[in-house]
Amino acid sequence: ERVAMLRVIRDRLTRGLELAIVAIVALLVVSVVWGVFTRYALGEQAKWTEELARFLLIWVALLGGAVAFATRSHLGVDVFVNRLHPEARRVTEVVAFLVVLFFAVTVLLLGGAKVVREALALEQTTPALGWKMGHVYLALPISGFFVALYTLEHLVATLRRRPSNTDAEA
């Protein structure tokens, strides 16, 4: 019952993340189209469009990477891993998840939170939009949280799974 409730919470968080990505991509398209329109139709590109597009692309990449990790749609080179004995493959997966978890927590979550704090403390702002850079950098700890969450989920599932001969054929 507790596992089912945690799964529902995780699914809702993931759905919210997916909806946020859709909204960000829509804003990105509008920003780029407006920038192109102002450049060619009005003779001078609106200065804020390029900066906004750059920041939105960063957010889409980081949050999209987290969603891809959740759905196991991320890129991976598993040619050699698939040739391993099922138990060796399982150990390799566990090690890989531990490395990803370490990176997500130390670099994205903790390191990203530090960058956000420092940027806000220094009152850094973006040149064209005047936004606080700390808010732009929030993509780092947010994506780190989600990558860590999904990694823990995959790690627990891998540790609970019993290797079988069908794993070697997959």
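Details of the structure are given in the entry above.
Overview of the structure. (Residues numbered from 1 in each chain as written. Predicted model: local features only at pLDDT ≥ 70, side-chain atom pairs only at ≥ 80, totals over all residues. Heavy atoms only, no water.)

1. So, the overall build of the protein
Applied cut-off: Helix numbers and strand numbers start at the N terminus; a helix is a DSSP run of H or I with at least 4 residues, a strand a run of E with at least 2. Atoms considered for the radius of gyration are the C-alpha atoms alone. The globule rule reads 2.2 Å times the number of residues to the power 0.38. Burial status follows relative accessibility: with a 1.4 Å probe on protein chains alone, a residue under 20% of its type maximum counts as buried, one over 50% as exposed, and anything between as partly exposed. Two residues qualify as a contact provided that any one of their heavy atoms is within 4.5 Å of a heavy atom in the partner residue. In these tables, accessible area is a Shrake-Rupley quantity obtained with a 1.4 Å probe, and a residue counts as shielded only by the protein chains included in the view. Just so you know, the count uses Lys and Arg for positive and Asp and Glu for negative, and it drops His and the chain ends. By convention, charge coordinates are those of NZ in Lys, CZ in Arg, CG in Asp, or CD in Glu.
Each helix and strand counted, the protein has 6 helices and 0 strands in total. Counted from the first residue to the last, the protein has its helices and strands arranged as α-α-α-α-α-α. Computed over the C-alpha atoms, the radius of gyration of the protein is 20 Å, more than 25% above the 15 Å expected from 2.2 N^0.38 for a compact globule of 170 residues. Across its three principal directions, the C-alpha atoms of the protein cover 65 × 35 × 35 Å. When the 170 residues of the protein are sorted by exposure, 31% land in the buried category. Of the contacts made within the protein by residues no fewer than 6 positions apart, 73% connect residues no fewer than 24 positions apart. Accessible area of the protein: about 11,100 Å², with a carbon and sulfur share of 68%. If you average the places of the 18 positive and of the 14 negative side-chain charges in the protein, the two averages end up 3 Å apart.

2. Points about the packing of helix H1 (residues 2–41) against helix H2 (residues 47–70)
Just so we agree on the cut-off: Angles run from 0 to 180 degrees between N-to-C directions of axes, and those axes are lines fitted to C-alpha atoms, restricted for helices to the stretch in contact. Throughout this description, any angle smaller than 35 degrees is read as roughly parallel, any larger than 145 degrees as roughly antiparallel, any in the 65 to 115 degree range as roughly perpendicular, and the remainder as oblique. The sense of a crossing depends on the near helix, which, turned anticlockwise from the far helix by less than a right angle, makes the crossing left-handed and, turned clockwise, makes it right-handed. Gly is put with the polar residues, along with every residue not named as nonpolar or charged; the nonpolar set is Ala, Val, Leu, Ile, Met, Phe, Trp, Tyr, Cys and Pro, and the charged set is Asp, Glu, Lys and Arg.
The contact between H1 and H2 brings their axes to 9 Å, and the two run at 155°. Judged by the angle between their axes, H1 and H2 are roughly antiparallel. Crossing handedness for the pair H1 and H2: left-handed. Touching Leu17, Glu18, Ile21, Ile24, Val25, Leu27, Leu28, Ser31, Val32, Trp34 and Gly35 of H1 are Trp48, Thr49, Leu52, Ala53, Leu56, Leu57, Trp59, Val60, Leu63, Gly64, Ala66 and Val67, all from H2. Classifying every residue of the contact of H1 with H2 by side-chain character gives 18 nonpolar, 4 polar and 1 charged.

3. Quick look at the pattern of salt bridges
Definition in use: Every case where a carboxyl oxygen of Asp or Glu lies within 4 Å of a side-chain nitrogen of Lys or Arg is listed as a salt bridge.
Going through the model one piece at a time under the given rule, you end up with 8 salt bridges. We note a salt bridge from aspartate 11 to arginine 10, for which the minimum N-O separation is 3.1 Å. Given the relative accessible area of 38%, aspartate 11 is considered partly exposed. In this structure, the salt-bridge partner of glutamate 50 is arginine 54, at a minimum N-O distance of 3.8 Å. Residue glutamate 50 and its partner arginine 54 are both found in helix H2; the two are separated by 4 residues, about one turn of the helix. Under the relative-accessibility criterion, arginine 54 is labelled partly exposed at 42%. Members of the salt-bridge network, linked through shared partners, are Arg10, Asp11 and Glu153.

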